[in-house]
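Examining the three-dimensional arrangement
Here's the letter readout for the chains.
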Amino acid sequence: MSDKEGVLGSYHLGEVLKASARKLGERCGASAVDMLAHRLTEYIGSVDDDRHSCIWRSAVEEHEQDAYKDGSRDILVDAVRDAALGATGTGSAAALAVAKSLLQSPYPTLTRVGIYVCGEHYGNVGTAFWECAKASWFVDVSYWHELFLFINKGFSKFSSAQRAMFLEFVEQLQGDWSDASRQVELDETQRRDLLHPAYGQGDKEVDARYKALVQRWGRVREHPDFHSYSAGGWVGERSPITSDALVAMSGEDLVTYLRGFVPQASSWDGPTYRGLASTLTEAVKVSEDGFASRIMLFGGLSRPYQHGLLRGLKERWSDDKRDIDWPTSLMLVQAIVSSPTFRADLAAAQTDRWEPSVHWVVSDIADLVKSASGTKRHMPADLYGSWLQVLCRVLEATPRAVGESSDAVSHAINAPRGRTLEAFIHLALAMKREDTAGDSASDETWIAVGPVLEAELSASETGVNADFATMCGLYCANFHYLNRDWTEGNFDRLFSLTNESAWNCAAQGFAYQNHLYAWLYERLIAGGHLRRMVFSEELPDRVADRAIQFLGLAYLEGMESLDGDGLLSELVVGLKVKELSALSWFFWTFRGQSEPTTRTSRVLTFWMKVVERIRETGAVLPELQSALCQLAVFVHELTPATSAALVDAAPYAQVRHHGPMLVANLERLASRNPKEVAAIFRAAMSGFLPNFRPEDVAGCVNRLAEAGEVEEAEWICNAYAERGSSLLKETYEALRAKQRSASGSAGAPKGHAAASSAADGDV
C-alpha cells in the first residue's frame, strides 16, 4: 500500500464519505470542510503539484469529462465539494467564512471548489467571490470551467457594482500566451468567451460587447469552458458534422442532409444518429433565430432529429436565456403528437435505448413546457391552453407505470410519462397564477385540469400509476393551491389508505416536500401518514428524515406538543434514539440567533424533557446523548438544569463526532459561566480527549483562567499532558508566565516540571 493510500484508508473515506459529506457539512460546518480539505491537500501533495488540476479533474461537479471518477483523489474532491455545499446551505457569517477559506486557498482545486460553491449558493455566499476574486482566475485555464459556470448561473443575480467589477476583470485581462504575436487576438477571444455565459441575460452592455467580439473573431467554439473536450466514450456521441455547418445550411439542404445520413455499421466508433442529434441541439442554441424558420421542417423527420431540435429549443430558452418561436414550436409539437405513428411508436418495444426515440421526444416536450411555466420567465400565456392539450394527448398515449420503485422519485422525474405529469402540473400552476392575477371569478384552470388529475388519481389508487402516486407526495401542496377542497377532501387518496404501493410512492415523493402548512400537517397526522413515515423500515431513509423534520418544525411552530399522546410525546416517552437524534440535528440547523427566541425556549424544553425521561428510566444512551450535545448552541446562560444536562451528555459527545461542536460552545460560554463550563469540560474528558479545532480548546482554557478559574484551567492543561498530548503545552506555559508576572515570583509551581516533560512527548 502506498503512503497516499494509507492516508486515505486511515480516515475511512471512499463511498461512505462520498454519500455523507453534504450532511457532514450541514452538521459541522467549517470544521468538516477544513478537515476534508486538509486530507485532500495531503493527498495532492504540494501546491506546485496542483498547478494543472484541470487535467486530472475537468469539472468540480460530476461531469462526463472526468475520466477518473472513482479514484481516491476525486472522491476527496467530491467530499470537499459536498461538505462545502452543506456548510453554505444557509446565509450566515460562518457560511461566508467557509467560502472565503476555499477561495483563498493556494491550492487551485480548493479555489475551484470555492468558485463552484459560490455559484451554486450565490444568494448565501456569492459576495465572497467578489471579495476574493483575482484577475488570474479569468485567464488561467485551471479555473475556466468553474468560472464560466459561476457567470452563467449567477449573472442575473449580480448587483450593478458586481457587474461593473465583472466587466472590469474582462476588459483588463492580459494572458501570458505562448504566442506573443497573437496577444491581441487571444486576449479578445478570451474576453468573448467570458462574456458568452452572460450573453442574453438582459444586460445590453454585455450583449453589445459580446456581439462586437463575435463579429471580430467569430463564434465561440463548442465547450469554451474546457481547455480540451473529449467526445469519446459512448459511440453515440460522435457527429459527422459541426454545428456551424448545420447553421449555415438552407432549410432544403438541411433536410436533405439529415435524411441522407446513415451511420456506417462497419465503423465501431463512427458518427451516429445520437451524435448528429446532439450537434443539431448546439446548432439551434447558437443560431440567430433559434431555427424559427426551419422548425416546421422537423415534423416529417425521424425521432433523433426531433429530439435534437426540441432539446436545443429547451436549452436555448432555459440555459442560454434566449427567446424561441413559441407559436411555431407549438405547431410542430401538435403535429408530432397528432401523427398516427406517435402512439404506435410509444407502444412498440424499445430496441436501442442509446439512440433517440419517441420516448426521448416525449421527455423533450415535457421539459420544454416545464421550463417555460415559471413565475419569472414563461411562454406567452395565451398559448397555455393549447400546450395543456398537447400534454393531455401525450398522457393518453403513454402507458402508465405499474407497481413501485425503491427510488420512486428518481423514476418519476426521469420516465417520459412522469416528466409529462410534472410538466402538466407546472403548466397548471402557471395557468392558476394567470387566473389569480386576472382576478377571474370562475375557476377556469380547475375546469381544464381537474378531470385529468381525478382520472390519474383513480388509476393511482389501484396501483397502476406509480408516477402519479409519487407526484401526489411531491406536489400535494401545489394541488392545494389549484383546488383546496379537492385536495383536502381526497388527501387519503393522494396518500392512499387502500393501496400499499401507491402510499409508498407518495411517501417517497413527500420526502422532497419543503414547506409546512397547518392544513397539510393536520391531515398527515389525522390519517396516520406522518407516524407511518417516521417508523418506516422499507422505504429510503430520506422519508423518515423528512417526516421527523416536519414533526420538529410543527413543534417549534406550536402545532405539536411534548405532552399528551401525540407523535412527538411518543418518541420521547419511548426514548427512540434514532428519531430523537435526528430531531436534535434538525433543531441545531436553526442555530445562529444571538439572543434567545421562542424557538430557543422550545428547543431547550425538548432537551430537558428528553433528559428527564433518560433519568427516569436509568437508560444509558451514548448516541442520543451525543446528539443532544448539538443543542448546546441554544444555551445563552448556563442554568442548573442545562449545566446538569451537559454534564450528563458531555462524556458521549464524540460518539457521534459532536465533540468539536461541544467545545466551541463551551468556549463561548466560559467567560459568563466559568465554574459550570469547567465541570462540563471535566465531564467531557471522562469520555474522550477534545483535540479538534485546537484554537477552541485553548480558547476555552484561556477564558476559564481569565474568569478566575485558574486552577481548573491548569488542571485541564496537566490532564492533557498526562495523556501524552502537547496540544495545551503553550497555553499552559503562557498561563504560568502570566501567573508569575502577576505574583512577582519566578519559581515554578508544583507539578509544572512533570507537566512540561509529559507535554514534550509525541502525541
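All of the points below concern the structure found in this document. Everything quoted here is computed from the prediction, not taken from an experiment. (Residues numbered from 1 in each chain as written. Predicted model: local features only at pLDDT ≥ 70, side-chain atom pairs only at ≥ 80, totals over all residues. Heavy atoms only, no water.)

Let's talk about the overall build of the protein chain
Along the protein chain, the regular secondary structure elements total 42 helices and 0 strands. Across the protein chain, every contact between residues at least 6 apart in sequence was considered, and the portion connecting residues at least 24 apart equals 73%. Summed over all atoms, the accessible surface of the protein chain reaches about 33,900 Å², with 50% contributed by carbon and sulfur. (Helix = DSSP H or I, 4+ residues; strand = E, 2+ residues; numbered from the N terminus. Contact = heavy atoms within 4.5 Å. Areas by Shrake-Rupley, 256 points an atom, 1.4 Å probe, with all protein chains shown as cover.)

Quick notes on the side chain of Glu146
Structurally, Glu146 is set in helix α9 (residues 144–154). Classification of Glu146 by relative accessible area gives buried; the value is 1%. Those residues in contact with Glu146 that lie beyond four places of it in its chain are Ser58, Ala59, Val60, Glu61, Arg112, Ile115 and Tyr116. (Buried < 20%, exposed > 50% of the residue type's maximum accessible area, 1.4 Å probe, protein only.)

Description of the packing of aromatic side chains
Per the counting criterion, the structure on display carries 30 aromatic pairs. A centroid spacing of 5.5 Å and a plane angle of 35° characterise the contact between Tyr122 and Phe158, whose relative ring orientation is tilted. Here Tyr122 is found in helix α8 (residues 122–132), whereas its partner Phe158 is found in the loop between α9 and α10 (160–172), with 36 residues between them in sequence. Classification of Phe158 as buried rests on a relative accessible area of 6%. Arranged with centres 5.9 Å apart and planes meeting at 70°, the rings of Phe155 and Phe166 form a pair that is edge-to-face. Note that Phe155 is positioned in the loop between α9 and α10 and Phe166 in helix α10, a separation of 11 residues in sequence. In this structure an aromatic cluster arises from ring pairing among Tyr122, Phe129, Trp130, Trp137, Tyr143, Phe150, Phe155, Phe158 and Phe166. Between the NZ or CZ atom of Arg532 and the centre of the ring of Trp503, over which it lies, the distance is 3.8 Å. The ring of Tyr512 has Arg542 sitting right over it, with the charged end atom 3.9 Å from the ring centre. (Phe/Tyr/Trp six-rings, centres within 6.5 Å; stacked < 30°, edge-to-face > 60°. Lys NZ or Arg CZ within 6 Å of the ring centre and 35° of its normal.)

What to know about helix α16 (residues 303–318)
Helix length check: α16 (16 residues) gives 22 Å between terminal C-alpha atoms against 22 Å at 1.5 Å per residue, within 8%. Of all the 16 residues making up α16, 16 are buried; the element is thus mostly covered by neighbouring parts of the structure. (Expected span 1.5 Å × (residues − 1).)

Digging into the side chain of Ser569
Along the chain, Ser569 falls in helix α32 (residues 567–573). Among the residues examined, Ser569 registers a relative accessible area of 6% and is labelled buried. With sequence-adjacent residues up to four places away left out, Ser569 is seen in contact with Ser561, Leu562, Asp563 and Gly564.

Side note on the environment of Leu562
With respect to the helices, strands and loops of the structure, Leu562 is situated in the loop between α31 (541–556) and α32. A relative accessible area of 9% places Leu562 in the buried class. Distance in space between the C-alpha atoms of Leu562 and Arg602 is 9.9 Å, their sequence separation being 40 residues. For Leu562, the contacting residues outside a window of four places in its chain are Tyr555, Leu568, Ser569, Val572, Thr605, Phe606 and Lys609.

Details of the packing of α10 against helix α11 (residues 183–195)
The interhelical angle for the contact between α10 and α11, taken along N-to-C directions, is 155°, at an axis separation of 9 Å. In terms of orientation, α10 lies roughly antiparallel with respect to α11. For the pair α10 and α11, the contacting residues are Phe166, Leu167, Val170 and Glu171 in the first and Arg191, Leu194 and Leu195 in the second. Counted by class, the contact of α10 with α11 contains 5 nonpolar, no polar and 2 charged residues. (Axes fitted to C-alpha atoms, helices over the stretch in contact; angles between N-to-C directions. Parallel < 35°, antiparallel > 145°, perpendicular 65-115°, else oblique. Nonpolar A, V, L, I, M, F, W, Y, C, P; charged D, E, K, R; others polar.)

Regarding the pattern of salt bridges
Summed over the entire model, instances satisfying the criterion amount to 39 salt bridges. With its nearest N and O atoms 3.6 Å apart, the salt bridge here joins Lys432 to Asp443. Here the residue Lys432 occupies a position in helix α22 (residues 416–437), and Asp443 occupies one in the loop between α22 and α23 (444–461), the gap between them amounting to 11 residues. Taking relative accessible area as the criterion, Lys432 reaches 15% and is therefore assigned buried. Salt bridges linked by common partners bring Arg311, Asp364, Asp367 and Arg419 together as one network. (Salt bridge = Lys/Arg side-chain N within 4 Å of Asp/Glu carboxyl O.)

A short note on unusual backbone geometry
Residues other than glycine seldom take positive phi values, yet Leu575 does so here, at roughly 45°. Within the fold, Leu575 resides in the loop between α32 and α33 (577–588). By relative accessible area, which is 12% here, Leu575 ends up buried. In this structure, Arg693 is a non-glycine residue whose phi angle is positive, near 55°. With respect to the helices and strands, Arg693 occurs in the loop between α38 (674–685) and α39 (694–706).

Comments concerning the nonpolar core
Counting residues in each nonpolar core, the largest one holds 162 residues, and the members touching the most others are Phe298, Trp387, Phe479, Phe495 and Phe606. Residue contacts for Trp387: discarding those within four places in its chain leaves Trp326, Ser329, Leu330, Val333, Leu368, Val369, Met379 and Leu427. Ile44, Leu103, Phe148 and Phe158 belong to the second-largest nonpolar core, a separate cluster that totals 60 residues. (Core = buried A, V, L, I, M, F, W, Y, C linked by side-chain atoms within 4.5 Å.)

Some remarks on helix α6 (residues 93–103)
Three or more residues of α6 are buried, namely Ala95, Val98, Ala99, Leu102 and Leu103. All buried residues of α6 lie within an arc of 130° about the axis, which places them on one face of the element. Turned more than 90 degrees away from the buried face of α6 sit Ala93 and Ala94, all of them exposed. (Arc of directions from axis to C-beta.)

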